[in-house]
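# Working through the structure, step by step
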Amino acid sequence: MNFIKNYFQLDKYKTNIKVEFIAGLTTFISMSYILFVNPSVLGASGMNTGAVFTATALASALGTAIMGIVANYPIGEAPALGINAFFAYTVCIGMHVKWQTALASVFVASIIFILITLFKLREKIIDSIPADLKFAISSGIGLFIAFLGLQNGKLIVANKSTLVGLGSLHDPLVWVTIFGLLVTVILMILQVPGAIFIGMVLAAVFGICTGQIALPHKIISTAPSLAPTFGQAIFHIKDINTVQMWVVVLTFLLVTFFDTAGTLIGLAQQAGFMKNNKMPRVGKALAADSSAMAVGSILGTSPVGAFVESSAGIAVGGRTGLTAVFVAIFFLISMIFSPLLGVFTSQVTAPALIIVGVLMAQNTAHIHWNKLEIAVPAFLIILGMPLTYSISDGLSWGMITYPICMISAKRGKEISPMMWVLFVVFLIFLWVLNF
């Protein structure tokens, strides 16, 4: 116990093993949906869903363990939503690229990722972003995950006339979300320890009692084989021999790069880790997701990166890598107890995402809204993330407008060289996505 306390510096961060365990469990439950969503999405490309399930669990466990043990951050890693849809629907179905070749593209992108990390380029980029924009990134991610929660809980649904609209109260599943949200809010206001996790458990019980969530038929099941996908990324590197495929590699690289950077900044802001506008041990954190991305592609899954749902564990007190280690252990266990995960449906985890969104949105208070040259790019980041359904797209709005606004305010000398580089990179990024 003393070794664990000293290694993860629990006393320094004013936490303990119990708090870190609850935080790890909360983060895992908030992330666990990816175990079922990722196989469903990647399955559309022709991949074996059972193999993708196991690959998702193993890649998430590895990346999260590295994040915890090496970087000492309470941040979980898993295949990112959005980029997996790009993998399946744009690359494989839209471009008619075989899923094996798409995996090879992810692997090549991850190698470039690792090289960029080794030369500390990613670290320099993150440190160069102004404090106001860092707060905007954190707030934007908060709105984004709250929007995800509202959507998962069916409180917000698609609407042909207005794009989105209010969900129907006639849908019984909506009431699972409403019940969980109200209970969690009350527990949070009463400052009950582990309120978010307790809220999810009570929402699951409510769903079972009302017949909206089915009890699992069995508790333990054997993990599906990796054989259909394992190693295919290596075997098909030779297929990356056209301009189109290198555009795919570049897109995987850029989207994962900025999604992860934005997520790390947002989570670090939420947990209070930022020191003098810099994220301590950021190089080690970046090494965790780049290595997980490489291994994940070999196992058979789309790019792995820092998961915004880690904010749920941070919200209940997770402050060290011990939280991440617990998350990694739960991912490994999940391969055996996968039937139990079905109890924690998207409606059960939705309230946690909404509440965490509220907590992260508090960072808007630190933005200098009275200065329009700061307010405009910050606002576009905050608004852009949920409306484009992408952290990296929202980032691009702010990073492109920031230099323009600063020059207009005759503050061009305050723009660092790296911010000018980001200005150009994001212009290319948006062009590549549209191309």
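In the nomenclature of an unreviewed UniProt entry, the chain corresponds to Putative permease from the organism Lactobacillus ultunensis DSM 16047. The record in UniProt for the chain states the following under Sequence similarities (unreviewed entry): "Belongs to the nucleobase:cation symporter-2 (NCS2) (TC 2.A.40) family. Azg-like subfamily." In its Subcellular location (unreviewed entry) section, UniProt records this for the chain: "Cell membrane".

Attention now goes to the overall build of the chain. Across its full length, the chain carries 20 helices and 4 strands. A globule of 435 residues ought to have a C-alpha radius of gyration of about 22 Å, and the chain, at 21 Å, matches this closely. Dimensions along the principal axes, computed over C-alpha positions, put the chain at roughly 60 × 60 × 55 Å. Across the 435 residues in the chain, those meeting the buried criterion constitute 57%. Counted over contacts in the chain with a minimum sequence separation of 6, partners at least 24 positions apart contribute 80%. Just so you have it, the chain exposes about 18,000 Å², and 70% of that area is on carbon and sulfur atoms. Distance from the positive charge centre (22 side chains) to the negative charge centre (14 side chains) of the chain: 4 Å.

Moving on: the pattern of salt bridges. Inspection of every chain in the model, using the stated rule, returns 3 salt bridges. One salt bridge connects Asp171 with Lys154, and the closest N-O pair in it is separated by 3.7 Å. Of this pair, Asp171 sits in the loop between strand 3 (163-166) and helix 9 (172-189) while Lys154 sits in the loop between helix 8 (131-152) and strand 2 (156-159); the two residues are 17 residues apart in sequence, bridging distant segments of the chain. Among the residues examined, Lys154 registers a relative accessible area of 32% and is labelled partly exposed. Ionic pairing is found between Arg411 and Glu373, a salt bridge with its closest N-O pair at 2.7 Å. Placement of Arg411 in the loop between helix 19 (391-408) and helix 20 (417-434) and of Glu373 in helix 18 (residues 372-388) is noted, with a sequence separation of 38 residues between them. Comparing Arg411 with Glu373 shows no difference in burial state: the two are buried. Here the residues in one salt-bridge network are Glu373, Arg411 and Glu414, joined through shared partners.

It is worth spelling out helix 13 (residues 282-299) at this point. Over its 18 residues, helix 13 extends 26 Å from the first C-alpha to the last, a length consistent with the 26 Å expected when each residue adds 1.5 Å. All of the buried residues in helix 13 are Val282, Ala285, Leu286, Ala288, Asp289, Ser290, Ala292, Met293, Ala294, Gly296, Ser297 and Leu299. Gly300, located one to two residues past helix 13, shows a positive phi value of around 125°.

Quick look at the packing of aromatic side chains now. Inspection of every chain in the model, using the stated rule, returns 14 aromatic pairs. Centre to centre, the rings of Tyr7 and Phe8 are 5.0 Å apart; their planes meet at 80°, and the pair counts as edge-to-face. Using a relative accessible area of 40% as the deciding quantity, one classes Tyr7 as partly exposed. With relative accessibility at 7%, the residue Phe8 sits in the buried group. Judged by centre distance (6.1 Å) and plane angle (80°), the rings of Phe147 and Tyr389 are edge-to-face. Taken as a pair, Phe147 in helix 8 and Tyr389 in the loop between helix 18 and helix 19 lie far apart in primary sequence, 242 residues in all. Owing to a relative accessible area of 40%, Tyr389 belongs among the partly exposed residues under this scheme. Counting every residue linked through ring pairs, the aromatic cluster contains Phe21, Phe28, Phe326, Phe330 and Phe331. Note that Arg281 overlies the ring of Tyr73, its terminal NZ or CZ placed 4.4 Å from the centroid.

To continue, consider empty space enclosed by the protein. Counted according to the given criterion, the structure contains 1 cavity of 30 Å³ or more. Counted as a void, the largest cavity has a volume near 40 Å³. Lining the largest cavity we find Ile125, Ile129, Phe258, Ala261, Leu395, Met399, Leu422 and Phe426. Elements supplying a minimum of two residues to the lining of the largest cavity: helix 12 (243-271), helix 19 and helix 20.

This part covers the packing of helix 3 (residues 34-43) against helix 4 (residues 49-69). Between helix 3 and helix 4, whose axes approach to 8 Å, the crossing angle comes to 135°. Classified by the angle between their axes, helix 3 and helix 4 sit oblique to one another. Crossing handedness for the pair helix 3 and helix 4: right-handed. Contacts between helix 3 and helix 4 involve Ile34, Leu35, Phe36, Asn38, Pro39, Leu42 and Gly43 on the former and, on the latter, Thr49, Val52, Phe53, Thr56 and Ala57. The class makeup of the residues in the contact of helix 3 with helix 4 is 8 nonpolar, 4 polar and no charged.

A few words now on a nonpolar patch on the surface. Side chains of Ile219, Ile220, Ile329, Ile333, Ile336, Phe337 and Leu340 sit close together on the surface and give an oily, nonpolar patch of about 570 Å² of accessible area. If you trace the backbone, Ile219 turns up in the loop between helix 10 (195-209) and helix 11 (232-235).

Moving on, we get to the pairing of strand 2. Looking along a regular strand, one sees side chains alternate from face to face of the sheet. Bridge count between strand 2 and strand 3: 4 bridges; the pairing is antiparallel. From the neighbouring strand, Ile156 faces strand 3, where its bridge partner is Leu166.

Since one α-helical turn is 3.6 residues long, residues separated by three or four positions face the same way. Taken as a whole, helix 3 has its buried residues at Ile34, Leu35, Asn38, Pro39, Val41 and Leu42. Buried residues in helix 3, looked at end-on, bunch into an arc of 165°, giving them a common side.

This part takes up the packing of helix 7 (residues 121-128) against helix 12. The contact between helix 7 and helix 12 brings their axes to 11 Å, and the two run at 50°. Considering the angle they form, helix 7 stands oblique to helix 12. The handedness of the crossing between helix 7 and helix 12 comes out as right-handed. Between helix 7, through Arg122, Ile125 and Ile126, and helix 12, the contact on the second element is made entirely by Phe257, Thr260, Ala261 and Ile265. Grouping the constituent residues of the contact of helix 7 with helix 12 by class yields 5 nonpolar, 1 polar and 1 charged.

Conventions we followed
- Residues numbered from 1 in each chain as written.
- Predicted model: local features only at pLDDT ≥ 70, side-chain atom pairs only at ≥ 80, totals over all residues.
- Heavy atoms only, no water.
- UniProt positions renumbered as here; feature names shortened; annotations may be inferred.
- Helix = DSSP H or I, 4+ residues; strand = E, 2+ residues; numbered from the N terminus.
- Rg over C-alpha atoms; globule rule 2.2 N^0.38 Å.
- Buried < 20%, exposed > 50% of the residue type's maximum accessible area, 1.4 Å probe, protein only.
- Contact = heavy atoms within 4.5 Å.
- Areas by Shrake-Rupley, 256 points an atom, 1.4 Å probe, with all protein chains shown as cover.
- Lys, Arg positive; Asp, Glu negative; His and termini not counted.
- Charge placed at Lys NZ, Arg CZ, Asp CG, Glu CD.
- Salt bridge = Lys/Arg side-chain N within 4 Å of Asp/Glu carboxyl O.
- Expected span 1.5 Å × (residues − 1).
- Phe/Tyr/Trp six-rings, centres within 6.5 Å; stacked < 30°, edge-to-face > 60°.
- Lys NZ or Arg CZ within 6 Å of the ring centre and 35° of its normal.
- 1 Å grid on protein atoms, 1.4 Å probe; cavity = no way out; pocket = protein on both sides within 12 Å on 5 of 7 lines; lining within 4 Å.
- Points joined across faces, edges and corners; volume = space filled by probe spheres on them.
- Axes fitted to C-alpha atoms, helices over the stretch in contact; angles between N-to-C directions.
- Parallel < 35°, antiparallel > 145°, perpendicular 65-115°, else oblique.
- Left-handed = near helix turned anticlockwise from the far one by under 90°.
- Nonpolar A, V, L, I, M, F, W, Y, C, P; charged D, E, K, R; others polar.
- Patch = residues over 30% accessible without salt bridge, like charges linked within 9 Å, V, L, I, M, F, W, Y side chains within 5 Å.
- Pairing = 2+ DSSP bridges.
- Arc of directions from axis to C-beta.

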